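# Examination of the molecular architecture
Listed below are the residues making up each chain.
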Amino acid sequence: MENKANDTLIVSSAPHLVSEVDTSRIMGTVILALVPSFFVSTYVFGFRVITLTLVCIAACVTLEYLFNKITKKKQTIGDLSAVVTGMLLAFNVPSNLSYIIAIIGCFVAIVIVKGLFGGLGQNVANPAITARIVLFLSFTTQMTTWPLPRGQQTADVVTGPTPLGILKGANGVLPSNTDMFFGFIGGSMGEISAIALLIGGIFLIWRGIISPIIPVSFIATVAVIALAAGQDPVFHVMAGGVMIGAFFMATDYATSPILPLGKLIFGIGCGCFTMIIRLFGSYPEGVSFAILLMNIITPHIDNFCERRIFGGVKS
Amino acid sequence: MAEKKKHLQSIHVPHNKNTVECETERMPIPDFVYISMSQHIGAPCRPLVKKGDSVKVGQPIGDSDVPMSVPIHSSVSGIVSGIEESRSDNGGKNTLVVIEADKKQELWEGIQAPKAGSREEFIQAVRASGLVGLGGAAFPTHIKYNPKNIQDVTTLIINGAECEPFITSDHRIMVEETENIIDGALLVMKQLGMQEGFIGVEDNKPDAIAALRSMIEQKGNPNIEVIPLRSRYPQGAERVMVYEVTGKTMDAGVLPADLGVILSNVTSIAFIGQYFKNGIPLIAKRITVDGDAISRPANVLCPIGTKIADVVEFCGGYKEPPKKILMGGPMMGRAIFSDQLPVIKNNNAILIFAGEQAWVKEETACINCGRCYRACPFKLMPTLLSSAVKRRDAGALERLKVMQCMECGSCSYICPARRPLSFNNKLGKAIVKEAQSK
Ligand code: SF4
Ligand code: SF4
């Protein structure tokens, strides 16, 4: 009998079927979830939002490509995680930031925070958050010169403080909660519109990409502390980076706890630190620092949350 | 049994039950059958025939004196053309009794419906039937039915979940041989002194559930209940089934009998129903043949010992050159190296793939997404297990309970980085065993 199917067959271990969801698809979904915010931002701050976002994405992808080439690692740009980092970094800076500074941020995120720590999944801190903090500390003026939203700019006044800055004592009138909800306020490119970020976040939860635990506990903690401090909780939730932080940055897989209890602790911790900095710190905004701090203690949270395994108690 | 709210973690896998409407076709007797002498867990059989002997259908051709063994019968009538040594599908040595079929299919004179007066007689008859766990485990049934604590066993659970994608052979049995299932169940319950029976069936098989229920009614409503289960993977795994039906937690290595239950697959039970009616031993098996490289997907009743290549030919041959052939389902089945291997008792599917599904996906970095944690029915932590395997850290592996892993493959299936997590656990178990034997 002829051996039609002998020796050419693939023999591999089970399972022989894998889910369609792979890393690129997850990253692709995150990119999609950022699109509403991107549109609002473009509307509010104009064309430079598009170019700055594209510059950050291109820089992150190129840097990752070069890093892999130079360190002779397997090419990983196909997993789209560099695109996500580029987008998130762009969303965390003012729209008038110089391209050079933005590219320095991309270098910090991709090469220092991600690459040198062993690549995707190995980094201890969120690359975009860390890059933002580095830029903020090194280029404070450029990073805190916020363009005013369209309609509020006049011939000679094009920049102004963010709502949180105003709260901290800068000159200006606090915007209405409605303006903040839709995003007609000053601030980093992608953080201004609560509604756009909410749509993106709910989309991620619906697609099963993120669990609701971190965003819900983060946002709830911010609201509760604001209330306790006698301030408007709605304002605090919508101002600054809480929404983008809660849905897109604090939920980063590699740098947040893996088990539900750990996620809860992480979310509450982020909320607490954010509000402590906002209320008592010298900076108006504390989301990035809060997330970075919690990133650092994530491994300890994971260790703390031992899990009860089915059966096997006696053995 | 009370309604249970709690379920074990599970995953959704595509069902791909393409052959669900395919009524079982009886395959014509092939020219030659190649009957393996190791078709069960335990000691292989020694051939009872030699080259040139003439054999009849149902005649025992292999047996062993070791308790952990069951006899093997000829599936055809004809002449033994040789006893061959060959490579088995897991790479080991295997003895094959090759029989040239005369196509007359004369029944062996010794065949008669067994008497089952006492429990001992029943157990003896089950052994003589050649039955092994047909759900895939191939554990000798007469040993399973004879636990030390038989007086404590109260519950028969019949596994009709069939949660593996593609496979529909159990489903066809439930629809086509409903009466044999209920008769078999009643017989087993009576003989082993069990009070209650449950048939767990995934709710994506409403016709099977309805057929079983109406047959139970027809039989005067004995204490057998059909339990519809969620169509989730791995609903049909033994320990998952025990939990979902009774709420009892079963550890790895523990016998279901210790929890007062005995678990049998629907196909095994249907076979018992049939065997005690006509005495024909286990000589044929229903097999789902499917996959993108087969011309005509079907459910086929093939004589045991039929070469896979012959089954393929009966199903219209390969549509395109096959890249991967599986014995069993895509989640836990085994990829075999050749289509020249014969069908054995516990085969329930032959899946043949040529397309993308055949390829081994490239592994990428773990992104710490936690999907594997959420998939594992036993709440194991595959990422920690993998790193412990990498370090060959037997202590950590034991602490993380690698032995509880049933290699269901859910974690590997769900991993977006395509990491071979369940395979890793297999290695992990070996490391622990090695450390324990030191
Ligand atoms: S293969 Fe093991 S670790 Fe993976 S899901 Fe199944 S039981 Fe859990
Ligand atoms: S599913 Fe895969 S990528 Fe996700 S945590 Fe588990 S091993 Fe890592």
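Residues numbered from 1 in each chain as written. Chains lettered and ligands numbered in written order. Predicted model: local features only at pLDDT ≥ 70, side-chain atom pairs only at ≥ 80, totals over all residues. Heavy atoms only, no water.

### Here's the deal with the overall build of chain A
Across its full length, chain A carries 14 helices and zero strands. For chain A, the succession of helices and strands along the chain, N to C, is α-α-α-α-α-α-α-α-α-α-α-α-α-α. For chain A, the C-alpha radius of gyration of 21 Å lies close to 20 Å, the compact-globule estimate for 315 residues. In terms of principal-axis extent, the alpha carbons of chain A reach across some 90 × 50 × 30 Å. When contacts within chain A are restricted to residue pairs at least 6 apart in sequence, long-range pairs at least 24 apart make up 72% of them. With the model as given, the accessible surface of chain A reaches about 13600 Å², and the carbon-plus-sulfur share is 68%. The average position of the 17 basic charges and that of the 14 acidic charges among the side chains of chain A differ by 4 Å. (Helix = DSSP H or I, 4+ residues; strand = E, 2+ residues; numbered from the N terminus. Rg over C-alpha atoms; globule rule 2.2 N^0.38 Å. Contact = heavy atoms within 4.5 Å. Areas by Shrake-Rupley, 256 points an atom, 1.4 Å probe, with all protein chains shown as cover. Lys, Arg positive; Asp, Glu negative; His and termini not counted. Charge placed at Lys NZ, Arg CZ, Asp CG, Glu CD.)

### Considerations on the UniProt feature "binding site: [4Fe-4S] cluster 1" (unreviewed entry) in chain B
Sequence positions flagged by UniProt for "binding site: [4Fe-4S] cluster 1" (unreviewed entry) are, in local numbering, C366, C369, C372 and C415 of chain B. Over a stretch of 50 residues, the named residues converge on one spot in the fold, their C-alpha atoms separated by at most 10.5 Å. Mapping C366 of chain B onto the fold places it in the loop between strand 17 (349-353) and helix 9 (371-375). Note on C366 of chain B: relative accessible area 25%, which makes it partly exposed. Not counting the four nearest positions on each side in its chain, C366 of chain B is found in contact with L120 and G121 of chain A together with T383, A417 and R419 of chain B. Counting through the fold element by element, C372 of chain B comes out in helix 9. When its relative accessible area of 7% is taken as the criterion, C372 of chain B is described as buried. Each residue touching C372 of chain B, except ones within four places of it in the same chain, is listed here: P382, T383, C411, I414 and L421 of chain B. (UniProt positions renumbered as here; feature names shortened; annotations may be inferred. Buried < 20%, exposed > 50% of the residue type's maximum accessible area, 1.4 Å probe, protein only.)

### Description of helix 1 (residues 23-45) of chain A
Residues and elements named next belong to chain A. The first and last C-alpha atoms of helix 1 sit 32 Å apart over 23 residues, in line with the 33 Å expected at 1.5 Å per residue. V35 marks where helix 1 bends most, by close to 35°; the proline P36 follows one to four residues later. G46 sits one or two residues past helix 1 and shows a positive phi near 90°. (Expected span 1.5 Å × (residues − 1). Bend = angle between axes of the 7 residues up to and from the residue.)

### Observations concerning empty space enclosed by the protein
Residue and element names in this part refer to chain A. Scanning the entire structure with this criterion turns up seven cavities of 30 Å³ or more. For the largest cavity, the calculated volume is near 350 Å³. Taken together, the elements giving at least two residues each to the lining of the largest cavity come down to helix 1, helix 3 (81-91), helix 5 (127-138) and helix 12 (242-249). Split into classes, the residues belonging to the lining of the largest cavity amount to 16 nonpolar, six polar and two charged. (1 Å grid on protein atoms, 1.4 Å probe; cavity = no way out; pocket = protein on both sides within 12 Å on 5 of 7 lines; lining within 4 Å. Points joined across faces, edges and corners; volume = space filled by probe spheres on them. Nonpolar A, V, L, I, M, F, W, Y, C, P; charged D, E, K, R; others polar.)

### A word on the UniProt feature "binding site: [4Fe-4S] cluster 2" (unreviewed entry) in chain B
Residues and elements named next belong to chain B. Within the UniProt annotation, "binding site: [4Fe-4S] cluster 2" (unreviewed entry) is assigned to C376, C405, C408 and C411. In sequence the annotated residues extend across 36 residues, while in space they remain close, none of their C-alpha pairs exceeding 10.6 Å. Inspection of the secondary structure puts C408 in the loop between helix 11 (394-399) and helix 12 (410-414). Excluding residues that lie within four positions of it along the chain, C408 makes contacts with Y233, P234, M331, M332 and P377.

### Let's talk about the interface of chain A and chain B
Listed per partner, the contact involves 42 residues of chain A and 62 residues of chain B. Carbon and sulfur atoms make up 59% of the surface buried where chain A meets chain B, a total of about 4400 Å² over both sides. For E362 of chain B, the salt bridge goes to K74 of chain A, with nearest N and O atoms at 3.4 Å. There are 13 residue pairs in polar contact (both at pLDDT 80 or more) connecting chain A and chain B. For the side of chain A that touches chain B, a count of residues per class yields 20 nonpolar, 14 polar and eight charged. (Buried area = accessible area lost by both parts, 1.4 Å probe. Salt bridge = Lys/Arg side-chain N within 4 Å of Asp/Glu carboxyl O. Polar contact = N/O pair within 3.5 Å; in protein donor to acceptor, adjacent residues only side chain to side chain.)

### Remarks on the state of the cysteines
Residue and element names in this part refer to chain B. Enumeration over the complete set of coordinates arrives at zero disulfides over all chains. No disulfide involves C163; its sulfur sits 8.9 Å from that of C408, the nearest cysteine. A relative accessible area of 12% places C163 in the buried class. (Disulfide = S-S within 2.5 Å.)

### Considerations on unusual backbone geometry
Residues other than glycine predominantly adopt negative phi, and peptide bonds predominantly adopt the trans conformation. Note that the residue after A14 of chain A, namely P15 of chain A, is joined by a cis bond; omega there is -5°. Across the junction of Y233 of chain B and P234 of chain B, the peptide omega takes the value -5°, indicating a cis bond. Tracing the chain through its elements places P234 of chain B in the loop between strand 11 (224-229) and helix 6 (238-246). With a phi close to 65°, L80 of chain A is a non-glycine residue in the positive phi region. With respect to the secondary-structure elements, L80 of chain A resides in the loop between helix 2 (48-70) and helix 3.

### What to know about the site of ligand 1
All names here are of chain B. Around ligand 1 sit C376, P377, L380, C405, M406, E407, C408, G409, S410, C411, S422 and N425, and those are all the residues in its vicinity. When residues of the shell around ligand 1 are traced back to their parent elements, those giving at least two are helix 12 and helix 13 (421-437). Within the shell around ligand 1, the residues separate by chemical class into seven nonpolar, four polar and one charged. (Near = heavy atom within 4 Å.)

### Quick look at the pairing of strand 15 (residues 324-327) of chain B
All names here are of chain B. Going residue by residue along strand 15, you find K324 and L326 tucked away on one face and I325 and M327 tucked away on the opposite face as well. Judged from the four bridges that link them, strand 15 and strand 17 form a sheet pairing that is antiparallel. Bridge assignment links L326 to a residue of strand 17, and that residue is L351. One ladder, built from three bridges, connects strand 15 with strand 16 (residues 334-336); its direction is antiparallel. Of the residues in strand 16, the one forming a bridge with M327 is R334. Once strand 15 ends, the chain turns through six residues before running back antiparallel as strand 16, passing G328 with a positive phi of about 100°. (Pairing = 2+ DSSP bridges.)

### So, the UniProt feature "modified residue: FMN phosphoryl threonine" (unreviewed entry) in chain A
Residues and elements named next belong to chain A. In the numbering used here, UniProt assigns the feature "modified residue: FMN phosphoryl threonine" (unreviewed entry) to T162. Among the structural elements, T162 can be located in the loop between helix 6 (140-143) and helix 7 (163-167). On the basis of relative accessibility, which here comes to 11%, the residue T162 falls in the buried class. Ignoring sequence-local partners within four residues, the contact set of T162 consists of W146, G186 and G187.

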